[in-house]
Amino acid sequence: MLVSCLKNVSNKFKPVLKLYSQTHVLRTRYKQNNRTFTQIASLHTSSPSLAIYRDTENVYAYNIIQSLPTTKNVPVFSITNSIDNLYDFDNRLNQNWRTKTASEIVDCFKSVLNYCTEHDINLADPRFDKLVDGLMDNIQHLTDSNLCDLFHCLIRLPVCDSYAARNYHDVWSALDDVCCWKLNNWPLETTFVFADYWYRLNLGKLSDFLYNVIDRMSRRVASLSKDELMRLYFFLKIHKRHKLTFEIRHATLDYVGDLSVDEIALVSMVHVKLDTKLKLDLMATTFVAKLKEEARTVPEYCVRNIVQVLRYSSSVLLVDQLMDLLDHLVSEVDRLSNTACTHIALLGTTLQFFHEESLQRVAEKVLRDLSNTEAVRVKDIERLLLALTMFHYTPKTERDIFQAILEEVDRPERRLEFMKFPRSLACVLNFLSIKKMYLHELMSKILDREYILELYGKSPKKLPREIFSLDVCIDVECPDYVGNRLDPTYRRKAAKWLVEYTPTLDQFKKLTAADRFVLDVTDAVAKMVNGNHNLHADHILPNFAKSDIIICRDGDRFVTPSGFDAYQLGDLMRPPSKDLTWYAIVPVNWNACIRDTNKPLGLIHMKTRLLKSLGYEPILVIWNEFMPLKAQEKVSYIEDKICK
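A brief structural summary. (Residues numbered from 1 in each chain as written. Predicted model: local features only at pLDDT ≥ 70, side-chain atom pairs only at ≥ 80, totals over all residues. Heavy atoms only, no water.)

### A word on the overall build of the chain
Here is the rule: To qualify as a helix, a DSSP run of H or I must reach at least 4 residues; to qualify as a strand, a run of E must reach at least 2; elements of each kind are numbered from the N terminus. Note on exposure labels: buried denotes an accessible area under 20% of the residue type's maximum, exposed denotes more than 50%, and partly exposed covers the range between, all computed with a 1.4 Å probe on protein chains only. Contacts are residue-level and defined by heavy atoms, with any inter-residue pair within 4.5 Å sufficient. Computed with the Shrake-Rupley method and a 1.4 Å probe, the accessible areas treat only the protein chains shown as cover for residues. We treat Lys and Arg as the positive residues and Asp and Glu as the negative residues; His and chain ends play no part in the count. In plain terms, the charge of a residue is placed at NZ if it is Lys, CZ if Arg, CG if Asp and CD if Glu.
Check the secondary structure of the chain and you find 30 helices and 7 strands. C-alpha extents for the chain along the principal axes are approximately 105 × 55 × 50 Å. When the 644 residues of the chain are sorted by exposure, 55% land in the buried category. For the chain, restricting intrachain contacts to residue pairs at least 6 apart in sequence, the fraction spanning at least 24 positions comes to 74%. Summing over all exposed atoms, the chain offers an accessible surface of approximately 29,700 Å²; the carbon and sulfur share of this is 47%. Taken as two groups, the 84 positive and 82 negative side-chain charges of the chain have centres that lie 2 Å from each other.

In structure tokens, the structure reads:
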């Protein structure tokens, strides 16, 4: 059964399936017309018409819209002359429907509806061919009432295998055209009714009508009421082809104080999905205040979406407010889902502020549910590892959480998830490598040449840093590794895209504050070693973007660090001579430290560990310790670190 299940998987996932073949299928149960159906689902599908794949976020957003006061009741749908046997069903459909009126055709759809739902017959059945042909010939004669009835029938009929299925595609695309023709003559209330039908058909993303509805509402956004504006946000969430314009966001600002926490969650959801930040600080401040006010009762979906948009839109002006928000959310961790909790853990990562209590509570909760693949997804593990490794924080749990995750990732039950989210595997393994934890078998799978080519393409420019970094770490910390490796030529080409230039005073690009910091450190080091000829700036570890300053000492005097000409960019640069003492001066910028502290982030700790393994003595020059010093004090600062 797995073989037939995997036939629909897109080509880019085939190397992943090859690596993780096992006898598992995804079964989804869903209800329709008070009947429960079981569907064996493919691991990946591009078909947006399958009801079983409806996003739970969309359902949540739809419930918010349904709770709004309505200005027009949805037309009542009723069935007369319902067919209840196969003989009447076949006779009813087997007529020349091209000679019938539009109303008669719609009445036929209504009369066979109950029989179709009871016997699981959908529009792709060849017996519907004549009725669909008649509908196509009379489509322009449908009244608004006919349209409503037809939509009700389509919504209640058993779902087809695809939006492009036989007959089904003809019907919905023709109805889409009719709705577009009628749109300019419909008041806004009627427009909402038909837009709702397209969502319930799960065709909102494909509908040109919904695109035109959004376009029409966006042009008159200043005159929309709060409820109408929320409907616009819902349509934006469903359709996803429109941008969230400044006019829409500015109109939202007029109502932001009146929004409920659910409505704020809807607005947040759309901002995240359309990759748009909250550029108006008043909106972000209001979102924080509302979430704090209702922290004890707010639904977990609200927490997830609001926290997500606040992280995405983080501003340094919000740091204190976000820290206070985390203080309020800590006590709610146990009642929230693990997904919502991992978003809480991520809240400080954008601005790099550390909130220990929230990370501790989230880690404890995730650890309790870690073996439950439904409660803790691979994406949740990835998010938590990002937060923990960024701040170099090890929670005080009964069992070491990193070791627990290492064992969990290696379980066969998790491999099906990695088939759905193949890029997460590389991220998880990379985060574990920051803690000096490696899974050789899985590393070999993601370093497989076919896997990389199919998932990321042929260009070395597209290779993600996490895979490149794992390959470098193998050279340093995995002497017994025997699996796949990056091709040396491919690795050198990829390195050119992953490292940053070493700043110079005469560079073409304008010097940034970070560049000036590196140049100040270089100048202080040059004074300490008696000239620039006694230092060498290079990428010792090519998996880190920033270069380091290499100096070496022979006894009590510094000498020229020679021997690096034999290396190329992308190579691991070991000390050329074991008879000298080698130092790697690492400038640690403000964005490589926890905010408002001199504590380096996890990647700097990893870099320090790797440099020591290569034979260098790492010397960290911290931005906020170094820059306030005078020229001679800067030299002494570095000398003191070397002498320790």
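### Digging into the pattern of salt bridges
Basically, it comes down to this: Here, a salt bridge means any side-chain nitrogen of Lys or Arg that lies within 4 Å of a carboxyl oxygen of Asp or Glu.
Under the definition given, this model contains 40 salt bridges. Where K290 meets E294, a salt bridge forms, and the shortest distance between an N and an O atom there is 3.5 Å. By relative accessible area, which is 19% here, K290 ends up buried. Close ionic contact of E441 with K445 constitutes a salt bridge, the shortest N to O distance being 3.4 Å. On the criterion of helical spacing, the pair formed by E441 and K445 is a turn pair, its members being 4 residues apart in helix α23 (residues 440-446). We classify K445 as buried; its relative accessible area is 12%. The structure contains a network of salt bridges with shared partners spanning E408, R411, E413, R414 and E417.

### Details of the packing of aromatic side chains
Given two aromatic rings, their pairing is described by the distance between the two centres and the angle made by the two planes. To keep things clear, this is the line we draw: Pairing of aromatic rings covers Phe, Tyr and Trp, the last through its six-membered ring, and needs centres within 6.5 Å; plane angles under 30 degrees mean stacked, over 60 mean edge-to-face, and all others mean tilted.
In total, this model carries 25 aromatic pairs according to the counting rule given. Summarising the aromatic geometry, the rings of W186 and F194 are spaced 4.3 Å apart at their centres and angled 5 degrees between planes, so their arrangement reads as stacked. Given a relative accessible area of 4%, W186 falls into the buried group. Taking 6.1 Å as the distance between ring centres and 70 degrees as the angle between the ring planes, the aromatic pair formed by F517 and F626 counts as edge-to-face.

### A closer look at the environment of R92
Along the chain, the position of R92 falls in helix α4 (residues 86-93). Exposure remark for R92: the relative accessible area of 25% places this residue in the partly exposed category. Taking the C-alpha atoms as reference points, R92 and T504, 412 residues apart in sequence, are found 83 Å from one another. Contacts of R92, omitting those with residues within four sequence positions, involve I83, W97, D107, C108, S111 and V112.

### Description of the pairing of strand β4 (residues 548-554)
As a reminder, the rule being used: Pairing between strands is defined by DSSP: at least two bridges between them are needed.
Within β4, 5 of the 7 residues are buried, which leaves it mostly tucked inside the rest of the structure. Bridge count for strand β3 (residues 536-538) against β4 is 3 bridges, and the pairing is antiparallel. Pairing of A537 across the sheet is with I549, part of β4. Relative to strand β6 (residues 581-588), β4 runs antiparallel, the two sharing 5 bridges. Among the inter-strand pairings, I550 is bridged to a residue of β6, identified as A584. Note that β4 and strand β5 (residues 557-559) share 3 bridges and pair antiparallel. Paired with C552 across the two strands is V559, which belongs to β5.

### Details of helix α22 (residues 422-434)
An α-helical turn contains 3.6 residues, so any two residues separated by three or four positions project in the same direction. Of all 13 residues that make up α22, 12 are buried, and the element is covered over most of its length. When α22 is considered as a whole, its buried residues turn out to be P422, S424, L425, A426, C427, V428, L429, N430, F431, L432, S433 and I434. Just downstream of α22, K436 is the residue with a positive phi angle, here 60 degrees.

### Points about the packing of helix α25 (residues 465-477) against helix α26 (residues 488-498)
Threshold: Here, axes are lines fitted to C-alpha atoms. For helices the fit covers the stretch in contact, and angles between N-to-C directions go from 0 to 180 degrees. Note on angle classes: values under 35 degrees are labelled roughly parallel, values over 145 roughly antiparallel, values of 65 to 115 roughly perpendicular, and the remainder oblique. A crossing counts as left-handed when the near helix is turned anticlockwise from the far one by less than a right angle, and as right-handed when that turn is clockwise. Only Asp, Glu, Lys and Arg are considered charged in this grouping, and only Ala, Val, Leu, Ile, Met, Phe, Trp, Tyr, Cys and Pro are considered nonpolar; every other residue, Gly among them, is considered polar.
At a minimum axis separation of 11 Å, α25 and α26 run at an interaxial angle of 120 degrees. Classified by the angle their axes make, α25 and α26 are oblique. Considering how the two elements wind past one another, α25 and α26 form a crossing that is left-handed. In this structure, α25 uses R465, F468, D471, V472 and D475 to contact α26, whose residues at the interface are R491, A494, A495 and L498. Split into classes, the residues belonging to the contact of α25 with α26 amount to 5 nonpolar, no polar and 4 charged.

### Focus: unusual backbone geometry
A positive phi angle, close to 55 degrees, is found at D275, a residue other than glycine. Structurally, the position occupied by D275 is in the loop between α13 (261-273) and α14 (281-293). In this structure, Q352 takes a positive phi of about 60 degrees despite not being glycine. Mapped onto the elements, Q352 comes out in the loop between α17 (338-346) and α18 (356-369).

### Things to note about helix α11 (residues 226-239)
Counted only if it meets this: Here, expected helix span is obtained from the residue count minus one, scaled by 1.5 Å.
Taking 1.5 Å per residue, 14 residues should reach 20 Å; α11 reaches 20 Å between its end C-alpha atoms and fits that length. Burial of α11 is extensive: 14 of the 14 residues sit out of reach of the surface. Following α11 by one or two positions, K240 adopts a phi angle in the positive range, close to 65 degrees.

### Considerations on the pairing of strand β7 (residues 617-622)
Applied cut-off: The definition of a right-handed crossover adopted here requires that, viewed with the strands pointing away, the path from the first strand over the helix to the second runs clockwise.
Counted residue by residue, β7 has 5 buried out of 6 residues, so it is predominantly covered. Both β6 and β7 contribute to a ladder of 6 bridges, which runs parallel. Directly across from A584, in β7, lies its bridge partner P618. Read from β6 through helix α28 (residues 602-614) to β7, the crossover connection turns out right-handed.

### Some points on the nonpolar core
To keep it simple, the criterion reads: Buried residues of nine kinds, namely Ala, Val, Leu, Ile, Met, Phe, Trp, Tyr and Cys, make up a nonpolar core once their side-chain atoms join them within 4.5 Å.
Core analysis: the biggest nonpolar cluster contains 218 residues, and F128 and I638 have the highest contact counts within it. Sort the elements by how many residues they give to this core and helix α5 (residues 102-119) lands first, with 9 residues. Filtering out sequence-adjacent residues up to four positions away, F128 remains in contact with F89, L93, F109, V112, C116, I121, N122, L123 and N167.

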